[in-house]
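# A closer look at the structure
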Amino acid sequence: MISANAVTKRYPEGREALRNVSFEITAGELVFLTGHSGAGKSTLFKLLAAIERPTSGSIVINGQNLAALRRNALPYLRRKLGLIFQDRKLLFDRNVLDNVLLPLAIVGHPAKDALRRAQAALAKVGLPDRQQAFPITLSGGEQQRLAIARAVVNRPAIILADEPTANLDTASANDIFDIFHSFQRVGVTVLIVTHDAFRVHDLRPRILRLDQGEMTEQNENQSPQGAAQ
Amino acid sequence: MRARLAQHLAALRDACRRLAVAPLNTLLSLLVIGVALTLPTAGWLAVDNLRELAGDTPGVQQISVFLAIEAGKREVGDIESRLEEARAGNWHFVPREEALKRLQASEGMAEIVASLPKNPLPDAFVVTPADTQPESLERLATTFAAWPKVAHVQLDSAWVKRFDALLRLGRLVVMLLAALFAGALVTITFNTIRLQILAQAAEIEVTKLIGATDAYIQRPLHYFGMLQGALGGLCAAALVSAGLHLLTPLVGELARLYGGHFVLHSLSVNDIVVLAAIGGSLGWLGAKISVLIHLRRFA
């Protein structure tokens, strides 16, 4: 489903954010990408989301080599991914429902069905009663749930989340992880970039660890508490 | 197909929302575009009214064919046949008796005409050619002059040439004005769309990240430019019509004082549609250029 082969990312100023990173993620896996600040986690997230391109190596998602992807094909790839960003990237001048309707409007989904799907996505993340609220009135945890609802409303096969629990308290972070787990249980591939895997208690995800741009560990379904130590 | 149509409708709705969300800005932009389109429109209308006024004035763009004094009914019939064959345009016959009566009716001429021993005026034809180009008029006049029993052909070709040159100059000035103000309209829309893109930068970035194509992002901006231009065109039509409403009675009064009758013709529904379409097209062009330049940074 996701495969990275000898991926290196070097920025123009010469800084090497990733060096020779390789891994494979199969369909339906729940994977945590961990590492300290500056380890290259967010860079890898950007490469997987096709926001940036690797300097060398290849990334293949759903059989599509991102390096060979033409610029005008990028939107169609991103529609198949559920992207959740560290800064959430919500539209603050639109209400909760309109934020979730946006990905459906982009693909030209029929309005009636789009409304039903958006409401279902909001119910799934526990925001069924906040449809008319504006993001500014939501708590941090609720804003993250809204970002998740927007990411999953198009029913993607892959969810990529960059630090989805940053700045959240333990209870809210656990709720967010539970939501991701619920998607994994129905066959969605979930890759979560996080530096606080220790917060997860009863999940047994696969852990990928980055250290100074290099993949140092690829543990199969370990207890995250153990992996974080 | 239905999805595409739905996306176009959504983009149009979005463009309308953007226009409605800042009514004062929208009104000011429409006024600026309206004024920019008003000047060439008013100029075009003035030239058109002038052309019509000249066309209605006796003697202008008409050819008078005077027959010889001795010409009889047979010769008059012959000239009529020749005029029909030549398909020269509209014409009417003025018998010498009627010409004398008209002369008598002219102010101060009654006594002079009464003192004449006999009618000195010849029979005449007044031809209003279909083709009023100066060269065509001169060609016709030369043809008429060669016909038998034609004593004199009168065409004020110098006047016609001067008037035609004046009209052509007027049209050229209007076209230059139109090009200048079209450039202004494109520039206004370009800048409005630039500001729209700056204001919507976050939204554009997010929509691109979650799978929006360039067309999806550009569409509402194109519609915005087009709507603004078209509404500006309608605004110009309203301004020109208001101006004509004020001028029409004064021009009519002036025409009456000169013993004539003239009504300024206003913009037709077709003219208004064309004006809105031109405004819309220029607005779309401004938006298209602005989008191409300013959306690059989101690539």
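In this text, all values refer to a predicted model and were calculated from it rather than measured experimentally.

Turning to the overall build of chain B, a few remarks are in order. Helix and strand content of chain B: 10 helices and 4 strands. Going from the N terminus to the C terminus, chain B shows its helices and strands as α-α-β-α-β-α-α-β-α-β-α-α-α-α. Over its C-alpha atoms chain B spans a radius of gyration of 30 Å, topping by over 25% the 19 Å that the globule rule assigns to 299 residues. When its C-alpha atoms are laid out on the principal axes, chain B stretches across 100 × 40 × 30 Å. Summarising the internal contacts of chain B: among those between residues at least 6 apart in sequence, 83% fall at separations of at least 24. Accessible area of chain B: about 17,200 Å², with a carbon and sulfur share of 64%.

Here we take up the UniProt feature "transmembrane region" (unreviewed entry) in chain B. All names here are of chain B. Taking the numbering used here, the UniProt-annotated feature "transmembrane region" (unreviewed entry) corresponds to residues 21-47, 169-190, 229-252 and 272-295. When the span residues 169-190 is considered, its composition is 100% helix and 0% strand, and the gap between its end C-alpha atoms is 31 Å. Helix makes up 100% of residues 229-252 and strand 0%, and the two end C-alpha atoms of the span are 34 Å apart.

Right, let's get into unusual backbone geometry. Residue and element names in this part refer to chain A. The residue Ala-6 is not glycine, and still its phi comes out positive at about 50°. Note on placement: Ala-6 falls in strand β1 (residues 2-10). Ala-6 gets classed as partly exposed once you look at its relative accessible area, which sits at 27%. Phi is positive for Arg-155, which is not a glycine, with a value near 50°. By the element assignment, Arg-155 lies in the loop between α5 (140-152) and β7 (158-162).

Moving on, we get to the sheet that holds strand β4 (residues 150-154) of chain B. Residue and element names in this part refer to chain B. With antiparallel pairing, 4 strands are arranged side by side in an open sheet as β2-β3-β1-β4. Each edge of the open sheet is held by one strand with a lone partner, namely β2 (89-94) and β4. Averaged over all neighbouring strand pairs, the angle between strand axes comes to 20°, with direction disregarded.

Residue and element names in this part refer to chain B. With their axes 6 Å apart at the nearest point, helix α9 (residues 214-257) and helix α10 (residues 269-294) run at an angle of 145° to one another. Every pair of crossing elements has a handedness; the one defined by α9 and α10 is right-handed. Of α10, the residues touching α9 (which contributes Gln-218, Leu-221, His-222, Gly-225, Met-226, Gly-229, Ala-230, Gly-233, Leu-234, Ala-236 and Ala-237) are Ile-272, Leu-275, Ala-276, Gly-279, Gly-280, Gly-283, Trp-284, Ala-287, Lys-288 and Val-291. Residue classes in the contact of α9 with α10 are distributed as 12 nonpolar, 8 polar and 1 charged.

Turning to empty space enclosed by the protein, a few remarks are in order. Evaluated as defined, the whole model comprises 2 cavities of 30 Å³ or more. Volume-wise, the largest cavity comes out at about 90 Å³. For the largest cavity, the full set of lining residues is Arg-78, Arg-79, Leu-81, Gly-82, Leu-83, Pro-103, Arg-150, Ala-151 and Asn-154 of chain A together with Ile-210 of chain B. Elements represented by at least two residues in the lining of the largest cavity include exactly β6 (81-84) and α5 of chain A. If you tally residues by element for the lining of the largest cavity, the top one is β6 of chain A, at 3 residues. Looking at the lining of the largest cavity, its residues break down into 5 nonpolar, 2 polar and 3 charged. As a volume, the second largest cavity reaches approximately 50 Å³. Surrounding the second largest cavity, Leu-47, Ala-50, Glu-52, Arg-53, Pro-54, Ile-59, Leu-66, Ala-67 and Leu-74 of chain A form its lining. Among the residues making up the lining of the second largest cavity, the classes are represented as 7 nonpolar, no polar and 2 charged.

Okay, the domain arrangement of chain B next. Examined at the domain level, chain B breaks down into domain 1 (2-56 + 161-298) and domain 2 (63-131). Centre-to-centre separation of domain 1 of chain B and domain 2 of chain B, based on C-alpha positions: 51 Å.

With that settled, the discussion passes to the interface of chain B and chain A. Interface size is commonly expressed as the accessible surface area that is lost when the partners come together. Taken together, the 17 residues of chain B in the interface contact 19 residues of chain A. Carbon and sulfur atoms make up 59% of the surface buried where chain B meets chain A, a total of about 1,500 Å² over both sides. Considering only the side of chain B, the residues that lose the most area to chain A are Val-206, Leu-209 and Ile-210 of chain B, jointly responsible for 38% of the buried surface there. Remark: the boundary between chain B and chain A carries 3 salt bridges. Note that Glu-203 of chain B and Arg-94 of chain A form a salt bridge whose closest N and O atoms lie 2.3 Å from each other. Listed by contribution, the elements that provide at least two residues to the side of chain B that touches chain A are α1 (2-21), α8 (201-209) and α9 of chain B. Here the side of chain B that touches chain A takes 7 residues from α8 of chain B, the largest share from any one element. Residue composition of the side of chain B that touches chain A, by class: 8 nonpolar, 4 polar and 5 charged.

It is worth spelling out the environment of Arg-256 of chain B at this point. Residue and element names in this part refer to chain B. Relative to the helices and strands, Arg-256 is located in helix α9. On the accessibility criterion, Arg-256 (53% relative accessible area) is exposed. At a separation of 2.9 Å, a polar atom in the side chain of Arg-256 contacts the side chain of Glu-253.

Further remarks concern the environment of Ala-68 of chain B. Assignment of secondary structure puts Ala-68 of chain B in the loop between β1 (63-67) and α3 (73-86). Beyond its immediate chain neighbours, meaning those up to four positions away, Ala-68 of chain B contacts Lys-149 and Ala-151 of chain B.

This part is about the pairing of strand β9 (residues 206-211) of chain A. All names here are of chain A. With respect to burial, β9 is a largely interior element, 5 of its 6 residues being buried. Pairing geometry for β9 and strand β10 (residues 214-219), over 5 bridges, is antiparallel. Bridging from a neighbouring strand, Arg-209 pairs with Glu-217 of β10. Here β9 folds back onto β10 in antiparallel fashion, the turn holding 2 residues, of which Gln-212 has a positive phi close to 50°.

What follows is about the side chain of Gln-144 of chain A. All names here are of chain A. With respect to the element layout, Gln-144 can be found in helix α5. In this structure Gln-144 comes out as buried when scored by relative accessible area, which is 0%. Not counting residues up to four positions away in its chain, the partners in contact with Gln-144 are Ile-84, Phe-85, Arg-88, Glu-163, Pro-164, Leu-168 and Ile-176.

The rules behind these values
- Residues numbered from 1 in each chain as written.
- Chains lettered and ligands numbered in written order.
- Predicted model: local features only at pLDDT ≥ 70, side-chain atom pairs only at ≥ 80, totals over all residues.
- Heavy atoms only, no water.
- Helix = DSSP H or I, 4+ residues; strand = E, 2+ residues; numbered from the N terminus.
- Rg over C-alpha atoms; globule rule 2.2 N^0.38 Å.
- Contact = heavy atoms within 4.5 Å.
- Areas by Shrake-Rupley, 256 points an atom, 1.4 Å probe, with all protein chains shown as cover.
- UniProt positions renumbered as here; feature names shortened; annotations may be inferred.
- Buried < 20%, exposed > 50% of the residue type's maximum accessible area, 1.4 Å probe, protein only.
- Pairing = 2+ DSSP bridges.
- Axes fitted to C-alpha atoms, helices over the stretch in contact; angles between N-to-C directions.
- Left-handed = near helix turned anticlockwise from the far one by under 90°.
- Nonpolar A, V, L, I, M, F, W, Y, C, P; charged D, E, K, R; others polar.
- 1 Å grid on protein atoms, 1.4 Å probe; cavity = no way out; pocket = protein on both sides within 12 Å on 5 of 7 lines; lining within 4 Å.
- Points joined across faces, edges and corners; volume = space filled by probe spheres on them.
- Domains from an automatic or database assignment.
- Buried area = accessible area lost by both parts, 1.4 Å probe.
- Salt bridge = Lys/Arg side-chain N within 4 Å of Asp/Glu carboxyl O.
- Polar contact = N/O pair within 3.5 Å; in protein donor to acceptor, adjacent residues only side chain to side chain.

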